[in-house]
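Structural overview
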Amino acid sequence: MLAKREIPFFNYPAVFAADSEEIMASISAVLARGAYIMQAELTEFETQLAKYVGMKHAIGVGDGTMAILLPLLTCDLSPGDEVIVPSHTFVASAAAIHHAGGTPVPVDCGADHLIDAKSVRAALSDRTRGIMPVQLNGRTAAMDPIIELAQENDLFIVEDSCQALGSTYKGRPAGSFGIAGAISFYPSKTLGCLGDGGAVLTNDETVAHKVRSLRDHGRDASGEVSRWGFNTRLDNVQAAVLNIKLKSYDKAISHRRRLAAVYEERLRGVSQLLLPPAPDASPDHFDIYQNYEIEAESRDALRQHLVDNGVHTILQWGGMAIHQFSKLGFDQTLPYTERMVDRFMLLPMNTSLSDADIHYVCDQILAFYES
Ligand SMILES: Cc1ncc(COP(=O)(O)O)c(C=O)c1O
């Protein structure tokens, strides 16, 4: 058994500290040029990000929530139009649907904690216009049945892939399955910046053109205003930071996948736990492990035991699914999701952690269930 150590859930100072010299040099150069908004670093980042995922367009916006909202606004939703979304997600997914003029319809997830095609089918109505798969925890959902449902029913797909940059399903990247996908660069994301940031990924020229205009007051390249827009451009200083982080992104993903393999190896025999799919569980999925979300029997007692031993865990979104926010007008029962939120928790998963740290966390979990 390893000696006691402190394992924070996420090491926020490390987002800067890991690359501090390069970041300071790059920021100084940007500031000295007075290059704050829509400058070369943003163009460079958009080019490199599009290349990284193998898509035609990456468009930097203010945050991940706007990266969901802007493509939805190109879908011309009318009041009462429904968009199906898994209930196990951040409220931002549903808020974007609401602000785009539609009605979010939350559905159950499956054992992988991702949108469940059977639940989507059951939620279809004559008002359904779109499906928003949420590529949660760094994993892309099995998209074949979702695409089939969308095609059969003439529905658009907009992906909330805020947690899944570089994740793939059958070789296709998260964000590429519908008209657009959203990415978040919130500091604790796999590609985190030093504040808020986001990007829209799309292969659709019309959507790309409209999103570029929507993020910049509805203006097009000539400056003419052709629609009501917003001010939600990815800040050029953040783009400069992201250019640095993107260079080592593959390394960061390998690190996370290695940590996930340690969790899998140490915990797979524990009958009281449900683990996420292992890194090599299926050739169809490449998981980037934004999070390591488990289900655990006696979850609250386990968390207390872990914190007593220096290991900090969290419940995503305060431990609530979106259909449980009754003040937003939801009044539904979703059995799988409700059982899941009583049992789920996130174990530490980030590039500040060593294999030994994960072994320590596993020691503590095993000791809890063996006692
Ligand atoms: C699944 C999901 N959707 C949307 C968002 C919103 O992203 P942001 O915080 O950058 O607005 C996040 C991240 O916070 C997220 O995890």
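Within each chain, residues carry numbers counting from 1 in the order of the written sequence. In keeping with the predicted nature of the model, local features appear solely for residues at pLDDT of at least 70, side-chain atom pairs appear and are counted solely at 80 or more, and the whole-chain, interface and lining totals rest on all residues.

1. Thoughts on the overall build of the chain
Numbering of helices and strands starts at the N terminus; helices are DSSP runs of H or I of at least 4 residues and strands are runs of E of at least 2. From N to C terminus, the chain includes 13 helices and 13 strands. Here the C-alpha atoms of the chain give a radius of gyration of 21 Å, agreeing with the 21 Å that 2.2 N^0.38 yields for 371 residues. Counting only C-alpha atoms, the chain reaches 70 × 55 × 40 Å along its principal axes. Residue burial is a threshold on neighbouring C-beta atoms within 10 Å of the residue's own C-beta, all placed from the backbone, with 20 or more meaning buried, 12 or fewer meaning exposed, and counts in between meaning partly exposed. By the burial criterion, 47% of the 371 residues in the chain qualify as buried. Distance between backbone-placed C-beta atoms decides contact: two residues are in contact if it is within 7 Å. For the chain, restricting intrachain contacts to residue pairs at least 6 apart in sequence, the fraction spanning at least 24 positions comes to 69%. Each radius of gyration is computed over the set of C-alpha atoms, and the globule rule expresses the reference value as 2.2 Å times the number of residues to the power 0.38.

2. Side note on the sheet that holds strand β13 (residues 344-347)
Read across the sheet, three strands follow the order β10-β12-β13 without closing on themselves; strand pairing throughout is antiparallel. Looking at strand neighbours, the two that pair on one side only are β10 (273-274) and β13, the edges of this open sheet. Both β10 and strand β12 (residues 292-296) contribute to a ladder of two bridges, which runs antiparallel. When the bridges of β12 are listed, Leu273 appears paired with Ala296. Any two strands between which DSSP finds at least two bridges are classified as paired.

3. What to know about the sheet that holds strand β6 (residues 168-169)
Reading across from one edge, β7-β6-β11 is the order of the three strands in this open sheet, with antiparallel pairing throughout. Since the sheet does not close on itself, it has two edges, and those belong to β7 (172-173) and β11 (285-286), each with one partner. One ladder, built from two bridges, connects β6 with β7; its direction is antiparallel. Residue pairing in the sheet places Thr168 in a bridge with Pro173 of β7.

4. Points about the environment of Ser188
Structurally, the position occupied by Ser188 is in the loop between β8 (180-184) and β9 (198-202). In the structure, Ser188 is positioned 178 residues away from Phe10 in sequence and 7.1 Å away in space, judged by C-alpha atoms.

5. Some details on the site of the ligand
Proximity of a residue to a molecule or strand is defined by its backbone-placed C-beta atom lying within 6 Å of that partner. In the region of the ligand, 16 residues are neighbours, and Asp63, Gly64, Thr65, Cys162 and Ser184 sit closest. Counted by class, the shell around the ligand contains six nonpolar, seven polar and three charged residues. When residues are sorted by character, Ala, Val, Leu, Ile, Met, Phe, Trp, Tyr, Cys and Pro go into the nonpolar class, Asp, Glu, Lys and Arg into the charged class, and all the rest, Gly among them, into the polar class.

6. Considerations on the pairing of β9
Judged by how many residues are buried, β9 sits mostly within the fold: five of five residues are covered. In β9, alternate side chains face the same way, and those of Gly198, Val200 and Thr202 on one face and Ala199 and Leu201 on the other are all buried. Pairing analysis gives five bridges linking strand β1 (residues 57-61) to β9, with the strands arranged antiparallel. Bridge pairing in β9 links Gly60 to Ala199. Pairing of β8 with β9, which is carried by four bridges, proceeds in the antiparallel orientation. Counted as the bridge partner of Ala182 is Val200 from β9.

7. Let's talk about helix α2 (residues 20-33)
By definition here, a helix of n residues has an expected span of 1.5 Å times n minus one. Its 14 residues place the ends of α2 20 Å apart at the C-alpha level, agreeing with the 20 Å of an ideal helix rising 1.5 Å per residue. In terms of burial, α2 is a largely surface element, one of the 14 residues being buried. Taken from the residues just after α2, Gly34 is the one with a positive phi, measuring 65°.

8. Here we look at the packing of helix α10 (residues 249-267) against helix α13 (residues 355-370)
With axes taken as lines fitted to C-alpha atoms, and helix axes fitted only over the stretch in contact, angles between N-to-C directions fall between 0 and 180 degrees. Where α10 meets α13, the closest approach of the two axes is 10 Å, and the angle between their N-to-C directions is 30°. Classified by the angle their axes make, α10 and α13 are roughly parallel. The hand of the α10/α13 crossing is right-handed. Each of Arg258, Leu259, Val262, Tyr263, Arg266 and Leu267 in α10 lies in contact with α13, whose residues at this interface are Asp355, Ile358, His359, Cys362 and Ile365. Across the contact of α10 with α13, the residue classes break down as seven nonpolar, one polar and three charged. In what follows, roughly perpendicular refers to angles from 65 to 115 degrees, roughly parallel to angles under 35, roughly antiparallel to angles over 145, and oblique to any angle outside these ranges. Helix crossings fall into two classes, left-handed where the near helix is turned counterclockwise from the far one by less than a right angle and right-handed where it is turned clockwise.

9. Here's the deal with α13
Its 16 residues place the ends of α13 22 Å apart at the C-alpha level, agreeing with the 22 Å of an ideal helix rising 1.5 Å per residue. Within α13 the residues assigned to the buried category are Ile358, Tyr360, Val361, Gln364, Ile365 and Phe368. Mapping the buried residues of α13 onto a view down its axis gives an arc of 155°, with all of them on the same face. Opposite the buried face of α13, by more than 90 degrees, sit the exposed residues Asp355, Ala356, Ala367 and Glu370. The reported arc concerns the directions from the helix axis to the C-beta atoms and nothing else.

10. Observations regarding the domain arrangement of the chain
Domain start and end points were adopted from an automatic or database domain assignment. Along its sequence, the chain is organised into domain 1 (16-247) and domain 2 (249-370). Once you take the C-alpha centre of each, domain 1 and domain 2 turn out to be 24 Å apart. Between domain 1 and domain 2, the contact holds 30 residues from the first and 27 residues from the second.

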